[in-house]
Structures are given as structure tokens and as C-alpha cells.
Amino acid sequence: MTARLVLRSLGMDAKKTPKKHSKKLLTWLGTPILFIVLFAATVCFTDFPARIKLAIKGILVSPASTRLTDPDDIYRQAAAKIRADLEANYEREIAVLKKSLADAQAQNTSPPVAPLDPDLNRITDVRKLRSGIPFKTEVNLEKGGIASRERLDDTSYTVSYKLSLRVPSPAKSIAELELSTPELSKILPGLPAMLEKSELSPSFSKLYSNKTTRISRDATALNEILTKHNLYDCETILHLRSASGRRVFLLQADMDVVSDGSDGDRLPTMPMEIVNSSNYQPFTSYGWPKKSPIPNPMLAGWENRVIAAQKELAAAATPADRKSWLRERIQYLKTGIADLKSRSFLVADYDPFIVIPVDILSSSDPYAPKVGDYTVVLYGGKLYPAIVGDGGPTFKVGEASLRLSRELNPKASSYSRPVSDLKVSYLVFPGSRDSVKTPPDYEKWRQRCHELLGEIGGLGEGYQLHAWQDLFPKPPPVPVSPPSPASDATAPQTAPGSPAPAASTPPASPPVRAAEPLPADARPSGTLGNPANSPSPAPPLKVPESRPQ
């Protein structure tokens, strides 16, 4: 089953699959039996199994799949994301089915045969597709023969559909790059010299190849086709090299939001709607061994899913196909539970990180970023240090954690992207990651990014790296109780007539020194320099539904 889970990272979406329905439904036999019959029909009469096989074949024969870097992290997290989508789709369909059965039982009639997925409602106007693609229609009328003959002629009444798109060219010159990031040459004075010898990254062509392949595959499903926004989400990907030999992976794109991750050591409690959500993913590709015995807050939800799956597996009425799926699901959940017990992960609400497509992370290209590599995000004349923290779909770029997104736009949320235009520049330094993954140290990240920028010419006058604050809730201090009177009984006793022991005096405190001002290059930058503009603590986590398209 784990091989199937690579589906979503390849762009396969099981949320809207066509379903066949029998013309007649058997007489009402009771809610439990009919529930099983309808669910089995849903699974069997879809094209989902064929799409799974196609996705598995694609990833198994992919050259990149034989050259995985950090294969356990990348593959496991991609698998978890796909599993979450499939489970969410299953729960939505079951909810619709239950409602249909309840309504039918209330009316004492046979339940209607209808699409299980509410998103499969008939499209009444093709000009109003969610993909945002302009749809032009034209009706041509011709004089024909008698109706009985025209009815038999396949060419008498037809619809022609042609989808056209232009594959964009990458931005290469400093003038083109500054359309996305104004004054880029002032922020990074060494960039123009590097651009003279820059090369277009193969990742740019591969990205748009993935997009057009996906569009060609889904062209007949008008309401599932890749949106225009996500088609044109990448301005350029360039390979740069400084005089010192430092490699740079330069990406210009928009920014979407990622809201995954968990860490019992730093965030021991999470809202129950998150813990019990099948949409929220507790993993990120960047992870490290746990540092404390405090359990991951997501464990309870995953363990409850195992219990529920085992109960359904033991039920005599559960169909054989469903039992096979449940066994695979239980194994997957147990693997995830073991991961949650032994490792910690980034938390998107609190940690600044970016997401790179998994096929780029797994590439053998020396310029390809890897999980843990340091990165600097440029937007609005400000620079934000971060790391590559997770892998994402192969057909889109420009994703970042909710913490980073909110710094660019305070209105960003799991449902609202911070930057829709192609105005964000991502500088990733390949090969810069630490040899051992450790919990985030924001000041260390900032210092390391400062050093890496120095290797490509440094920052222009007046520009500094943003300084991140640790917003994780801190446990209240443990109050120190005064010694109880009973403790006097344990004090050393003196013999009669003996001099009393001298009272112990605490050591003298060192003289208090006035705080010295920090050097200019060590002072916090961005909003942290002004207490009035300091960021407020992160709001409570919210259950993610679906990312904006």
C-alpha cells in the first residue's frame, strides 16, 4: 500500500472520480446491509484502481526513484500526505451515504442512487469552471437531412473541445528578475555578476513538463484540470555560482501555505480537532530524534484509528476487499505511530521553512536542494532565513510554512495564501545542511544564512536578515516552596555550653553591569527591532481542509 501512497505527490487526486451506478437498487433490506452494498459498489465501479496503477508505474520506473536522498523521510512524508487525502475523501463519501440512508429510512422508501461525492454535481455552465480557464463556446448550424437519418449519423450532432496553453519561458536577466523582486541587485550586490554565468535549471523544464502531463491526463475532466494559477506559479529556476564556488538554487514563484508537523517536546498539547483530524499531517521531511519522554500529542488520534480499524476488521459483515485495505491501513498507522514515538518534526505554525517538490529533492543534480539545506526568502525588500523542511507535489512550487507565510502577510492562513503573484524569491544553498538534524535553532539558522550570503557577495547597505522569535508556549516556572519548620529538627545540635555555630552567609553577588549595546550586525532585524511591531504569539492551530487552488 505504501507504493500507492506516492499518488498525490505525482498529482493524482482521488477526490473526484466518476462512478457507475446500477439502474435499479435492490429492495430496502435494512440500513446496515445497504450501507455495505453501496460502499462496495463505490469502490468497484470507479477508475481509481487504474489511476493508482498508473501512478505506481510512473514512480517505480522514474530514474530519480533510484537516486533518492533521505529516502525514508521524503517517501514517508509524501505517503502520509496522500493517505490523508484518500481518508478525507472516504470520510466525505461515507458521510453523504449515511445521510442518504437516513433520509430514505425517514421516508420509508428506497434510497436514491446518486453520486456519493457532492463535488460531482453536474456542471451547468462550462464557462464557470473552478480552474479559472476562459472557456469559449460557438454553435454552428447546418442544413441536414430528415431526422431519422440524422439520428443515426454520428457526425450530425457533435462537440469539439480543444485545450490550448502556452508554456512560459524562464526569467534570466536581472531586469526580468527584478520584475518579481524589485531592487534585487541592491539587496544582493553580487547577483548580477553571477547571472552572467548562470544556467537554466533542468528543474524548470521538468516542472512544466509535470504540469502539462497532468493537464493532458485530466483534459477530459474539466473541473479537475490544473488551475491557471497553479499552471503559471513559477517565474524561473536558475543555477548560480559565486566566485568563491558557492552554488545557489534561485527560484521565483508565489507562496502557498503548508500547515503540517508536530513535536511533543516543544508542543506537548494540540487541539482535539487537530488530533482527531485525518487531514492534518504530523510529519515533515525534516525530523530528528526525540529529546524528552513527553509523548507526541498526535499519538492519541493515530492510536484511536488503529483501534477503530481493528474493530471493523473483526466484524463478520466487513467485505473481504475492505478487510484487505484495513490490514494495510493498520500497518501504515502502526508505522506512523512508531515514527511519532521516536522522532520530532517541524511545526508549520511556529517554524519557518519552505517546501520543495519531491522529485527535485531526490535529484542527483548538485544544484538540487536537499532536506535541511539553508535558504533565504526575499519579499517586499526583506530577507527571511529558513531551511528546506518538507517535500511537496511535483507539479507546483512556492510553498512555505504558516509561520513564514504570516510574516510576509499577517492575513495568511491554511486557507489563504500570503502571496498570489510571482513576487517571492527563494535562494537555496545546496549542500549547506548540517550533517546531523537537530531541533530548530533560529539564531543559528540566521547566522548560517548570513555566512552563506557573505559567500555570494553579502547584503547591500541597509538590508539585514530577519530575526525569528521562539513563539512556542513555555511551561510556567515551578514555584520554590520555603523550608518547612519541621526541617529545623534536622539541624545540627550543639552541646550545652558550646558556642553556637556561625551563621552561614551567602556569597556576595557580583556587581550588576549595565547592558551593553549589541553590535550593529548582531541586532535583531525586521519587526523585532521595534517592540511595538513585535509579532504576536501564533493563534491556535486550525484543522486544514484543502489548500487554495
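One structure accompanies this document, and this report is about it. Since the structure is predicted, the reported quantities are computational estimates derived from the model, not experimental observations. Residue indices follow the written sequence of each chain, beginning from 1 at its first position. Local features in this predicted model are restricted to residues whose pLDDT is 70 or higher, and side-chain atom pairs enter the listing and the counts only when it is 80 or higher, whereas totals over whole chains, interfaces and linings include all residues. Water and hydrogen atoms play no part in the side-chain values, which are based on all heavy atoms of the structure.

Some points on the packing of helix H11 (residues 299-314) against helix H12 (residues 320-342)
- Look at H11 against H12: their axes get within 9 Å of each other, and the N-to-C directions meet at 160°. With respect to H12, the element H11 is oriented roughly antiparallel. As H11 runs across H12, the sense of the crossing is left-handed.
- Residue composition of the contact of H11 with H12, by class: 11 nonpolar, two polar and nine charged. Angular values range over 0 to 180 degrees, each being the angle between N-to-C directions of two axes fitted as lines to C-alpha atoms, with helices fitted over their stretch in contact. Here a strand is any run of E in DSSP of at least two residues, a helix any run of H or I of at least four, and the numbering for each starts at the N terminus. Throughout, the term roughly parallel applies to angles under 35 degrees, roughly antiparallel to angles over 145, roughly perpendicular to angles from 65 to 115, and oblique to all others. In this scheme the crossing of two helices becomes right-handed for a clockwise turn of the near helix relative to the far one and left-handed for an anticlockwise turn of less than a right angle. In this classification, the charged set is Asp, Glu, Lys and Arg, the nonpolar set is Ala, Val, Leu, Ile, Met, Phe, Trp, Tyr, Cys and Pro, and all remaining amino acids, among them Gly, are polar.

A short note on H11
- In this model H11 runs 23 Å from its N-terminal to its C-terminal C-alpha over 16 residues, within 8% of the 22 Å that 1.5 Å per residue would give.
- Taken together, the buried positions of H11 are occupied by Leu 299, Gly 301, Trp 302, Arg 305, Val 306 and Ala 309. The span one expects for a helix is its residue count, reduced by one, times 1.5 Å. Here the term buried applies to any residue with accessible area under 20% of the maximum for its type, exposed to any over 50%, and partly exposed to those in between, with areas from a 1.4 Å probe on protein chains only.

Things to note about the pattern of salt bridges
- By salt bridge we mean one thing: a side-chain nitrogen of Lys or Arg within 4 Å of a carboxyl oxygen of Asp or Glu. Per the counting criterion, the structure on display carries 14 salt bridges.
- A salt bridge links Asp 256 to Lys 396, with the shortest nitrogen-to-oxygen separation between them at 3.2 Å. On the criterion of sequence distance, the pair formed by Asp 256 in strand E3 (residues 247-258) and Lys 396 in the loop between strand E8 (382-392) and strand E9 (399-401) is long-range, its members being 140 residues apart. Taken individually, Asp 256 and Lys 396 each receive the classification buried, so the pair is uniform in this respect.
- The shortest N-O distance in the salt bridge between Asp 263 and Arg 266 comes to 2.5 Å.
- Connected via shared salt-bridge partners are Asp 256, Lys 396 and Arg 417.

Notes on the side chain of Lys 290
- By the secondary structure assignment, Lys 290 is in the loop between strand E4 (287-289) and H11.
- A relative accessible area of 18% places Lys 290 in the buried class.
- Apart from the residues lying within four places of it in its own chain, the contact partners of Lys 290 are Gly 264, Asp 265, Leu 340, Lys 341, Ser 342, Arg 343 and Ser 344. Pairs of residues are marked as contacts when any of their non-hydrogen atoms sit within 4.5 Å.

Observations regarding the packing of aromatic side chains
- Only the six-membered ring of Trp is used, alongside the rings of Phe and Tyr, when aromatic pairs are assigned; centres must lie within 6.5 Å, and planes under 30 degrees apart are stacked while those over 60 apart are edge-to-face, with the rest tilted. Within the structure shown, the criterion is met by eight aromatic pairs.
- Relative to Trp 288, the ring of Tyr 286 has its centre 5.8 Å away and its plane inclined at 55°; by these criteria the two rings are tilted.
- A relative accessible area of 1% places Trp 288 in the buried class.
- On the numbers, 5.8 Å between centres and 70° between planes, the contact of Tyr 442 with Trp 445 is edge-to-face. With Tyr 442 and Trp 445 both in helix H15 (residues 442-454) and three residues apart, the pair spans about one turn of that helix. Side by side, Tyr 442 and Trp 445 carry an identical accessibility label, which is buried.
- Taken together through their ring pairs, the aromatic side chains of Phe 283, Trp 302, Tyr 332 and Phe 345 make up a single cluster.
- Only when the NZ atom of a Lys or the CZ atom of an Arg is both within 6 Å of the ring centre and within 35 degrees of the ring normal do we say a charge sits over the ring. Between Lys 211 and the ring centre of Tyr 208, over which it is positioned, the NZ or CZ distance is 5.6 Å.

Some words on the environment of Ser 425
- One can find Ser 425 in strand E10 (residues 419-428).
- Separated by 190 residues in the primary sequence, Ser 425 and Glu 235 place their C-alpha atoms 9.5 Å from one another.

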